[in-house]
Amino acid sequence: MLVFFDFFLSLRHENVNNMKKLSFTYLSLLFFMMIPNTMSASPVSKKDDFKELQQTMERLLTLANAPFMMPPDFLANDDKAYDYCLNILSRSDEEYSRDTLAVNEWKRTYEWVLDHQITLPPKTAKKIKNYDEESLVRLYCLSRDMFDQFMPRYGELVKYCDVQLENRREARRRTMPAGKLMSLSYEESGSSRPDPVKYSLVRDSLSGKLMLKGYVLRMEEVTMAVEETVAEKICELIENHKVYQEIDGYSRPRFRGHPEELGGPPSWYFSCKLEGGTISTGAEAMMPARGCVEIAAYLHKILEEEWKRNVQH
C-alpha cells in the first residue's frame, strides 16, 4: 500500500502542472495530513524519501536566501528585446548561442523552483536546517511572476532570431549568378520618401539594347538608352557588395510593448535578373542594403545628367 508521503513525492515529480495550480496554504495542509501515515513505510524507503526532501529543501532555501537572478539585460523590456532582434544580423551564430545559453540557464533554475513548490508543516519543518517558509513563498511567487513576464518575450525573440539567422546562413551559401544583366528594378516607398525613388533597367529582347528609366525630381521621369558599360558597372557593384547574399526579405520584430515607428526608414525592393539567375531582396521599413543604395545612386546620377542635358536644349 502506497503511503501518503510517497504519494506526495510522486505527485511532486509527475504532476507538475497540477502542483502549480495549488495554493501554498493547501499544499501545507495536504503535506501535514500526509505526515502521520508515513510511519507505515519501510525504514529504508522513509529514510531515502526524507533525504531527497532534505536535499530539495536545501537547494530551495539557498535560492530563497540569495539575490534573485535576473535574465540577461536584452530581455528587461520589449524595447530592449526589439533592439536586440533588430540588430541580430550583426551578431555571429556563436554570440547568439552564448546569449540564449545564458537565458536557458536562468530558465532552468527557476523552472526547477516552480516544479518544486514545497512548504512544510511545523513538525517536518523543524527537521530542516534554516527552514524559512516566508522566504520560500516569496521565491515561488517571484519565480512565477518572472516567468510570466520574461518567457513570452523570450519566445518571441527566439522565434524571430532563429528565422533571421537561418535566412542568413542560406543566403551566405549563394554565389554570384553568371552572365549578362537582363533586367533590374529598385524602388523605395513610405512617408520618408515623398519623392519617387524608382529605377528600372531593361534589355530589349530583340535589339539587346538597355533602356534605363527613373525619377530625378518629384514628377520628372527620364527614359534613356545606356551602354553595356552601365550593366557591367552594376554587376561589379553587386559582386563587390555581395548583394546576391542579401536575405530575400528582411522583416521587423514585433513586441506588444514596443510602439510602431512612424516615419523612419523606407520600405524597399530590389530585383536583378542575370542570365544565370535572379537576385532579389527587400524589406519593410528598414534601411536599404548598402549595395542597393550604391546602385540606386549610380543610376540616379546617370538619369540626372541626362535630364540636365534635355533641359539645356
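Okay, so let's go over this structure. Note that this is a predicted model, so its numbers are computed, not measured.

## Quick look at the side chain of Thr-100
Stage number 1. Here Thr-100 lies in helix α6 (residues 93-115).
Stage number 2. Here the side chain of Thr-100 touches Ser-97 through a polar contact of 3.0 Å, landing on its backbone oxygen.

## Notes on the pattern of salt bridges
Stage number 1. All chains considered together, the criterion is met by 15 salt bridges.
Stage number 2. Linking Asp-78 and Arg-153 is a salt bridge whose minimum nitrogen-to-oxygen distance equals 2.7 Å. Of this pair, Asp-78 sits in helix α5 (residues 78-86) while Arg-153 sits in helix α8 (residues 133-172); the two residues are 75 residues apart in sequence, bridging distant segments of the chain. By the burial criterion, Asp-78 is buried, and Arg-153 matches it.
Stage number 3. Note that Glu-188 is salt-bridged to Arg-193, the shortest N-O span being 2.5 Å.
Stage number 4. The exposure class of Glu-188 is buried, given its relative accessible area of 10%.
Stage number 5. One continuous salt-bridge network, built from bridges that share partners, spans Asp-93, Glu-166, Arg-168 and Arg-169.

## A short note on the side chain of Ser-135
Stage number 1. Among the structural elements, Ser-135 can be located in helix α8.
Stage number 2. Side-chain polar atoms of Ser-135 contact the side chain of Arg-138, separated by 3.3 Å.
Stage number 3. When residues no more than four places from it in sequence are discounted, the contact partners of Ser-135 are Ala-64 and Asn-65.

## Remarks on the packing of helix α9 (residues 228-240) against helix α10 (residues 290-312)
Stage number 1. Two elements in contact, α9 and α10, have axes separated by 10 Å at closest approach and are oriented at 160°. One element, α9, and the other, α10, form an angle in the roughly antiparallel class. Remark: the crossing between α9 and α10 carries right-handed chirality. On the side of α9, the interface is formed by Thr-229, Val-230, Lys-233, Ile-234, Leu-237 and Ile-238, while α10 contributes Glu-294, Ile-295, Tyr-298, Leu-299 and Ile-302.
Stage number 2. Residue composition of the contact of α9 with α10, by class: eight nonpolar, one polar and two charged.

## Some points on α6
Stage number 1. Taking 1.5 Å of rise per residue, 23 residues should cover 33 Å, and α6 covers 32 Å from first to last C-alpha, within 8% of that figure.
Stage number 2. The complete set of buried residues in α6 reads Tyr-96, Asp-99, Thr-100, Val-103, Trp-106, Thr-109, Tyr-110, Trp-112, Val-113 and Leu-114.

## Quick notes on the sheet that holds strand β5 (residues 267-274)
Stage number 1. Within the open sheet, the six strands sit side by side as β4-β3-β2-β1-β5-β6. Their pairing is antiparallel. Both outer strands of the open sheet, β4 (221-226) and β6 (277-283), are each paired with one neighbouring strand and no more. The sheet shows a mean angle of 10° between the axes of neighbouring strands, direction not considered.
Stage number 2. As defined by bridge partners, strand β2 (residues 197-203) adjoins strand β3 (residues 210-215) across five bridges and the pair is classed as antiparallel. Bridging from a neighbouring strand, Arg-203 pairs with Leu-210 of β3.

## Description of the packing of aromatic side chains
Both the distance between ring centres and the angle between the ring planes are used here to describe each pair of aromatic rings.
Stage number 1. Within the structure shown, the criterion is met by seven aromatic pairs.
Stage number 2. Between the aromatic rings of Trp-106 and Tyr-110, the centroid separation amounts to 5.7 Å while the plane-to-plane angle is 50°, which identifies the pairing as tilted. Taken together, the residues Trp-106 and Tyr-110, both in helix α6 and four residues apart, mark about one turn of the helix.
Stage number 3. Using a relative accessible area of 5% as the deciding quantity, one classes Trp-106 as buried.
Stage number 4. Take Tyr-110: its relative accessible area is 1%, and that puts it in the buried class.

## What to know about the state of the cysteines
Stage number 1. Counted according to the given criterion, the structure contains zero disulfides.
Stage number 2. Free of any disulfide, Cys-235 has its nearest cysteine sulfur in Cys-272, 6.0 Å distant.
Stage number 3. Given the relative accessible area of 15%, Cys-235 is considered buried.
Stage number 4. With no disulfide of its own, Cys-292 has Cys-272 as its nearest cysteine by sulfur position, at a separation of 9.7 Å.

Rules and cut-offs
- Residues numbered from 1 in each chain as written.
- Predicted model: local features only at pLDDT ≥ 70, side-chain atom pairs only at ≥ 80, totals over all residues.
- Heavy atoms only, no water.
- Helix = DSSP H or I, 4+ residues; strand = E, 2+ residues; numbered from the N terminus.
- Polar contact = N/O pair within 3.5 Å; in protein donor to acceptor, adjacent residues only side chain to side chain.
- Salt bridge = Lys/Arg side-chain N within 4 Å of Asp/Glu carboxyl O.
- Buried < 20%, exposed > 50% of the residue type's maximum accessible area, 1.4 Å probe, protein only.
- Contact = heavy atoms within 4.5 Å.
- Axes fitted to C-alpha atoms, helices over the stretch in contact; angles between N-to-C directions.
- Parallel < 35°, antiparallel > 145°, perpendicular 65-115°, else oblique.
- Left-handed = near helix turned anticlockwise from the far one by under 90°.
- Nonpolar A, V, L, I, M, F, W, Y, C, P; charged D, E, K, R; others polar.
- Expected span 1.5 Å × (residues − 1).
- Pairing = 2+ DSSP bridges.
- Phe/Tyr/Trp six-rings, centres within 6.5 Å; stacked < 30°, edge-to-face > 60°.
- Disulfide = S-S within 2.5 Å.

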